[in-house]
Amino acid sequence: KDRTFVNPPYSNPMPWVEKAISESKEGKRIVMLLNVDTSTKWYAKLNEANAHFLWFSERLKFSGLGSNTRPSMLVIL
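Residues numbered from 1 in each chain as written. Predicted model: local features only at pLDDT ≥ 70, side-chain atom pairs only at ≥ 80, totals over all residues. Heavy atoms only, no water.

A. Layout of the overall build of the protein. A count of helices and strands for the protein gives 2 helices and 6 strands. Going from N to C terminus, the protein has its helices and strands arranged as β-α-β-α-β-β-β-β. A total of 77 residues make up the protein; the buried ones form 36% of that total. Long-range pairs, those at least 24 residues apart, make up 62% of the contacts in the protein with a sequence separation of at least 6. Accessible surface, the protein: about 5,300 Å² in total, of which carbon and sulfur atoms supply 50%. (Helix = DSSP H or I, 4+ residues; strand = E, 2+ residues; numbered from the N terminus. Buried < 20%, exposed > 50% of the residue type's maximum accessible area, 1.4 Å probe, protein only. Contact = heavy atoms within 4.5 Å. Areas by Shrake-Rupley, 256 points an atom, 1.4 Å probe, with all protein chains shown as cover.)

B. Summary view of the nonpolar core. Counting 16 residues, the largest nonpolar core has Met32, Leu34, Trp42 and Leu46 as the members making the most contacts within it. Contributing elements (two or more residues each) for this core: helix 1 (14-25), strand 2 (29-35), helix 2 (41-48) and strand 6 (72-76). Tallying contributions element by element places helix 1 first for this core, with 4 residues. The residues touching Met32, leaving out its near neighbours within four places in the chain, are Val6, Pro8, Trp16, Val17, Ala20, Met73, Leu74 and Val75. (Core = buried A, V, L, I, M, F, W, Y, C linked by side-chain atoms within 4.5 Å.)

C. Quick peek at the sheet that holds strand 1 (residues 3-6). On the basis of which strands lie adjacent, the open sheet formed by 4 strands has the order 1-2-6-3 and mixed pairing. What marks the edges here is a single partner per strand, and that holds for strand 1 and strand 3 (52-55). Averaged over all neighbouring strand pairs, the angle between strand axes comes to 20°, with direction disregarded. Where strand 2 meets strand 6, 5 bridges bridge the pair, whose relative direction is antiparallel. Among the inter-strand pairings, Met32 is bridged to a residue of strand 6, identified as Val75. Against the sheet, helix 1 engages strand 1 and strand 2, with an angle of about 160° to strand 2. Contacts from helix 2 reach strand 2, strand 3 and strand 6 within the one sheet, and its direction differs from that of strand 3 by about 125°. (Pairing = 2+ DSSP bridges. Axes fitted to C-alpha atoms, helices over the stretch in contact; angles between N-to-C directions.)

D. Local environment of the side chain of Thr40. By the element assignment, Thr40 lies in the loop between strand 2 and helix 2. Take Thr40: its relative accessible area is 18%, and that puts it in the buried class. Of the polar contacts made by the side chain of Thr40, one reaches the backbone oxygen of Asp37; its length is 3.0 Å. (Polar contact = N/O pair within 3.5 Å; in protein donor to acceptor, adjacent residues only side chain to side chain.)

Rendered as structure tokens:
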């Protein structure tokens, strides 16, 4: 109830980011798996919300799907 892991679609994470920020303001701990893209509006929103960013040093590999083509990060609110 107090902790949620989210793996939003990489193509449109903004609605998920906005919901995560809203939930974190209610006291919930949210962890999101996202692509690293510091040029986006959703990244700016997370940064303004004082999110913690943990970047992976290697590309993630998903079972049966190969590697992600972009670097990934965990975002903690």
